[in-house]
Amino acid sequence: MSRIPISALIGLVFTGAYFLAALFAPFIAPYGMSETVGDVWEPMSRTHLLGTDSIGRDLLTRMIYGGRTTIFIATMATLLSFTTGAVLGFLAAVIGGWVDQALSRFVDLMMAIPSLIFALVVLSVMPVTIPVLIMVMGLLDSTRVYRLARAVAVDINVMDYVEAARLRGEGRGWIIFREILPNALSPLVAEMGLRFIFMVLFVSTLSFLGLGVQPPNADWGGIVKENKEGIVYGISAALVPAFAIATLAISVNLVADWILNRTTSLKGGRGG
Amino acid sequence: MADPLLKVTDLKIEATAYPPGEPPQEITIVEGVSFALEKGRVLGLIGESGAGKSTIGLSAMAYGRGGVRITGGQVTVNGRDILQLGVRGLRALRGAEVTYVAQSAAAAFNPAKRIMEQVIEATLEHGRASRSEAEARAVKLFATLGLPDPDTFGNRYPHQVSGGQLQRAMTALALCPLPDLVIFDEPTTALDVTTQIDVLAAIKDAIRETGVAALYITHDLAVVAQVSDDIMVLKGGHMVEYGTTAQIITAPREEYTRALVSVRSIEHEEKQPSDDPVLRVEHVTARYRGTDFDVLHDVNVEVHRGQTLAVVGESGSGKSTLARVITGLLPPSEGQITFADRTLSPTLSGRSREDLREVQMIYQMADVAMNPRQTVGTIIGRPLEFYFGLKGEAKRARVAELLDEIEMGTGFIDRYPAELSGGQKQRVCIARALAANPRLIICDEVTSALDPLVADGILKLLLNLQKVEDVAYLFITHDLATVRAIADSIAVMYRGRVVRYGPKSQVLSPPFDDYTDLLLSSVPEMKLGWLEDVIAHRKMESAGN
């Protein structure tokens with residue numbers, strides 16, 4: 001197979017590192033997650049590589065556990081939004097008619113409400129647990145995926161090979177999963193990278209506003225919130241998660257770009 | 001004048017190919033091509049797709065399309081080597097001294113601007129005339145090219161004129177700056193035969209009146225024979241034969257040229273119609289949803305077992321709609337379709353799997369008729385699995401058998417469509433249709449996207465398969481040469497009606513109705529002076545009326 005370009009390699013290494021750290025958090029974190037191990041806002045030192053936070057917990061430990069929560073929630077929400085959005089989008093494109101109209105207008109309606117405000121309203125009446133967070137974020141975001149999936153599938157749906165499958169008498173399942181999905185994968189995968197990052201930002205925003213992950217559990221948005229007062233005193237603790245979010249965002253997108261390039265060049269891509 | 005207008009010496013053109021999964025490779029597209037063109041002469045460049053004819057044509061503007069590089073040789077226009085020109089020099093050359101007429105005028109015109117604006121744009125840009133002069137010249141060209149209302153034609157937008165008219169407007173665009181050389185790149189390929197003849201005559205007149213030199217690129221030898229003085233035959237980027245038109249047509253020296261000249265000479269004995277029609281279309285009238293215009297009007301045709309019915313007509317005559325009605329994609333508003341002894345449900349969802357199996361379809365564009373993400377084995381194997389429940393080894397064996405039948409060998413079973421040539425793709429589509437073991441195959445313009453020699457191969461294959469499998473074809477085409485080659489009976493369609501219908505010998509022999517006469521006389525013939533004869537004949541007739 002073709003060699004991995006350098007940009008994708010960098011992306012892969014960083015993404016891999018973040019995901020591995022998230023996976024094995026209990027083994028690599030030097031201290032317990034909510035263990036107070038030092039003074040408030042200690043500077044970086046050998047015992048505390050990133051210093052300590054607003055109540056004297058080890059920041060590196062908090063970052064590792066925080067990454068675990070953030071990445072887990074973002075991944076699950078992305079998966080949820082893609083399954084719902086893509087399946088509904090393909091269905092709307094294939095069935096057309098009033099099903100398409102009803103779904104599309106409903107999605108338009110949902111998208112007319114700013115998703116952050118919508119999420120804040122829902123979360124303020126629902127118990128804020130991680131499954132609820134994932135549900136709310138995933139379903140809100142699936143409206144965007146729906147629009148993309150439908151647009152892509154409408155184009156593919158008029159191809160002669162789909163018509164040929166229809167004339168053969170194939171059912172909707174075959175048409176959606178065997179004819180349309182393989183040809184719609186490239187744009188969807190590219191979008192998935194982007195959506196994952198939006199999810200990370202979304203859950204961080206919610207936590208920063210206090211309606212996301214609840215203390216003492218850590219997540220990157222929450223760490224920013226806990227340490228934001230320190231910025232006034234020149235303490236950089238709040239910037240560490242910001243930096244983590246930025247590097248994760250860039251590296252995931254590098255990987256997504258590479259996958260997109262590979263799948264489009266693979267066997268001729270769509271349409272020809 | 002010592003130097004000819006255009007002189008190409010030992011041209012070499014290269015490009016970088018990116019085969020999937022392999023490192024990029026340098027490939028040579030054109031090599032060792034030399035020719036010269038005097039003022040006022042027309043040189044025809046002819047060859048199949050991939051022969052490098054467009055690439056050579058564009059090199060006369062020192063232009064390489066998408067990553068193509070001119071790496072060797074010389075191209076001189078009016079005595080100067082244009083390959084050495086800088087950006088500024090090239091800009092002065094293109095659109096002024098040398099102009100270009102593209103295949104698809106519809107894609108080349110900006111739909112948001114009036115035709116006149118676009119026709120005189122290059123002329124003004126290069127300062128070759130004032131606005132009023134350019135407009136006057138354009139109006140004159142419109143008249144020469146036989147466009148309606150030449151004075152006001154330019155005020156229209158591209159969508160307000162027909163395809164043939166737009167193609168002529170594009171010729172006006174190219175001729176307006178008074179260039180020395182015009183490159184015509186398949187200017188009539190996308191047009192109906194009846195339109196093609198007008199455009200061809202108009203182009204020929206315009207060339208003669210303005211005295212420009214022209215490069216005429218096409219894959220249709222019969223067409224190029226009408227307009228050019230010399231012909232160069234190309235294959236795979238190399239020159240095969242170069243000579244005067246008369247010599248190429250009447251006394252070709254090379255084997256390949258002979259094949260091109262004698263293309264479409266398949267002889268097909270007409271079969272006697274049998275008593276049991278496999279398909280009967282009775283009083284079918286159809287319209288698309290949301291319109292109040294009948295695309296089909298009271299159509300009655302029959303297809304007999306193991307025979308071919310050719311449906312002929314221009315674009316818009318309703319011939320593809322007829323296929324959609326038969327397959328059930330478009331329910332007719334009146335009339336019915338009988339298959340064997342049973343009446344088929346008007347809608348697709350109302351048909352049984354058996355009904356669907358019996359009627360298969362082959363499309364014009366094999367590229368989009370196959371899922372690019374499925375292998376040949378999956379594409380051909382799916383109908384076997386779907387209709388006959390074949391799985392695993394049995395399925396693979398049958399696929400191999402079918403590949404044999406379409407003369408392609410089992411090596412192709414794991415290939416993807418993108419790895420096949422145009423002709424091979426169409427063969428796979430044929431195999432997919434055959435896999436269902438149908439009694440009727442609808443062929444919708446299956447050869448019109450292919451090169452003549454490849455198309456010939458496909459037609460021969462279809463005829464052979466008909467003998468072996470006893471399958472009937474409903475063959476939709478606009479190409480009468482194809483019809484002669486394959487049909488047993490013919491239905492001529494015009495504006496949604498069948499205007500002439502019967503056995504081949506009867507339909508193709510006089511007395512003709514007006515439309516069939518027009519259609520038949522418009523098919524380019526491989527002989528010199530054919531265009532003049534037809535035009536003269538038509539003028540006489542209209543004078544007589």
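Refer to the structure presented above.
Reading guide: rules and limits
Residues numbered from 1 in each chain as written. Chains lettered and ligands numbered in written order. Predicted model: local features only at pLDDT ≥ 70, side-chain atom pairs only at ≥ 80, totals over all residues. Helix = DSSP H or I, 4+ residues; strand = E, 2+ residues; numbered from the N terminus. Buried ≥ 20, exposed ≤ 12 C-beta atoms within 10 Å, placed from the backbone. Contact = placed C-beta atoms within 7 Å. Axes fitted to C-alpha atoms, helices over the stretch in contact; angles between N-to-C directions. Left-handed = near helix turned anticlockwise from the far one by under 90°. Nonpolar A, V, L, I, M, F, W, Y, C, P; charged D, E, K, R; others polar. Pairing = 2+ DSSP bridges.

A.B. asks: Can you help me understand the environment of Glu334(B) in this one?
C.D. replies: Residues and elements named next belong to chain B. Positionally, Glu 334 belongs in strand E14 (residues 334-339). For Glu 334, a count of 14 C-beta atoms within 10 Å corresponds to the partly exposed category. The spatial distance from the C-alpha of Glu 334 to the C-alpha of His 297 is 9.2 Å, given a sequence separation of 37 residues. Glu 334 has contacts with His 283, Val 284 and Thr 285, leaving out every residue within four places of it along the chain.

A.B. asks: Hey, could you run me through the packing of helix H3 (residues 59-95) of chain A against helix H4 (residues 97-112) of chain A in this one?
C.D. replies: Helix-helix packing: each pair is described by the crossing angle between the helix axes and the interaxial distance. All names here are of chain A. Where H3 meets H4, the axes come as close as 7 Å, and the angle between the chain directions of the two elements is 145 degrees. H4 is crossed by H3, and the crossing has left-handed handedness. The segment H3 lies against H4, with Leu 88, Ala 92 and Ile 95 engaging Gly 97, Val 99, Asp 100, Leu 103 and Ser 104. A breakdown of the residues in the contact of H3 with H4 according to their chemical character gives 5 nonpolar, 2 polar and 1 charged.

A.B. asks: Help me out: how do you make sense of the sheet that holds strand E5 (residues 80-81) of chain B in this one?
C.D. replies: All names here are of chain B. Across the sheet, which stays open at both edges, the 4 strands sit in the order E2-E1-E4-E5 with antiparallel pairing between neighbours. Two strands in the sheet have a free side with no partner beyond their single neighbour: strand E2 (25-37) and E5. Where strand E1 (residues 6-17) and strand E4 (residues 68-77) come together, 8 bridges link them in antiparallel fashion. Of the residues in E4, the one forming a bridge with Leu 6 is Val 77.

A.B. asks: When you look at the pairing of strand E11 (residues 277-286) of chain B in this model, what are you seeing that I'm missing?
C.D. replies: Note on strand geometry: in a regular strand, side chains alternate between the two faces of the sheet. All names here are of chain B. Pairing between E11 and strand E12 (residues 296-304): 6 bridges, direction antiparallel. Each residue of the ladder has a partner; that of Val 281, found in E12, is Val 301. Bridge count between E11 and E14: 5 bridges; the pairing is antiparallel. Note on E14: the bridge partner recorded for Leu 279 is Phe 339.

A.B. asks: Got a minute to help me understand the environment of Gln364(B) in this structure?
C.D. replies: Residue and element names in this part refer to chain B. Mapped onto the fold, Gln 364 is located in the loop between strand E16 (359-362) and helix H14 (366-369). Its 21 C-beta neighbours within 10 Å are what place Gln 364 among the buried residues. Placed 113 residues apart in sequence, Gln 364 and Thr 477 show a C-alpha to C-alpha distance of 9.6 Å.

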